[in-house]
Amino acid sequence: MVPTANTNVFIPPGTPFSPVVTGPAICNTLTVQSGATLSIRGNGLTVQAFMTVNGTLNMTNNSSVLTVGQNETHFIEFNSGSNAILNNGRINCYGWVIP
């Protein structure tokens, strides 16, 4: 299934293949659950409202772009035990970043 602007995405642990974003993608909200990994290796991912990372966010490509939120009430949250591998790319957050 390919998410749309109205889709709330949950990435669970134990998926046989961890999701990899290689081109433009969009969703409403995104949760990377503990033990799960999301890799962004291309043009970009837009999360329109909220993003919560309990697992691993991996951005290692120069062209990787993550955009979260549309206004100051939206956020990206990295919870205890989460991992962020941010070797390259860019994160745009139009609200709060909660470490």
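Here, every reference points to the structure presented above.
What counts and how
- Positions within a chain are numbered from 1, following the residues in the order the chain's sequence is written.
- Side-chain atom pairs in this predicted model are given and counted only at pLDDT of 80 or more, local residue features only at pLDDT of at least 70, and totals for whole chains, interfaces and linings cover all residues.
- Side-chain metrics in this entry use all non-hydrogen atoms of the structure; hydrogen atoms and water are not considered.
- Helical segments are the DSSP runs of H or I of at least four residues, strand segments are the runs of E of at least two, and each set is numbered from the N terminus.
- Our radius of gyration looks at C-alpha atoms and nothing else; its globule reference is 2.2 Å times the residue count to the power 0.38.
- For every residue, the accessible area (1.4 Å probe, protein chains only) is compared with the maximum for its type, and the residue is labelled buried under 20%, exposed over 50%, or partly exposed between those bounds.
- It only takes one pair of heavy atoms within 4.5 Å for two residues to be counted as in contact.
- A 1.4 Å probe and the Shrake-Rupley method give the accessible areas. Residues count as covered only by the protein chains that appear here.
- The aromatic pairing rule takes the rings of Phe, Tyr and Trp, using the six-membered ring of Trp, and pairs them if the centres are within 6.5 Å, calling planes under 30 degrees apart stacked, those over 60 edge-to-face and the rest tilted.

Take the overall build of the protein chain next. Helix and strand counts for the protein chain stand at zero helices and 13 strands. Relative to its length of 99 residues, the protein chain is compact, with a C-alpha radius of gyration of 12 Å against a globular reference of 13 Å. Reported as C-alpha extents along the three principal axes, the dimensions of the protein chain are approximately 35 × 30 × 30 Å. Taken over 99 residues, the protein chain has a buried fraction of 39%. Put simply, of all contacts in the protein chain between residues at least 6 apart along the chain, 32% involve residues at least 24 apart. Total accessible area on the protein chain is roughly 5,400 Å²; 53% of this is exposed by carbon and sulfur atoms.

With that settled, the discussion passes to the packing of aromatic side chains. All chains considered together, the criterion is met by one aromatic pair. A ring pair is formed by Phe-50 and Phe-75, whose centres lie 4.8 Å apart and whose planes are at 45°; its orientation type is tilted. Within this pair, whereas Phe-50 is found in strand β7 (residues 50-53), its partner Phe-75 is found in strand β10 (residues 75-78), the two being separated by 25 residues in sequence.

Right, let's talk about the environment of Ser-18 for a bit. Assignment of secondary structure puts Ser-18 in the loop between β1 (8-11) and β2 (20-21). Residue classification places Ser-18 among the partly exposed residues on the basis of a relative accessible area of 37%. A sequence separation of 16 residues divides Ser-18 from Val-2, and the C-alpha atoms of the two residues are 14 Å apart.

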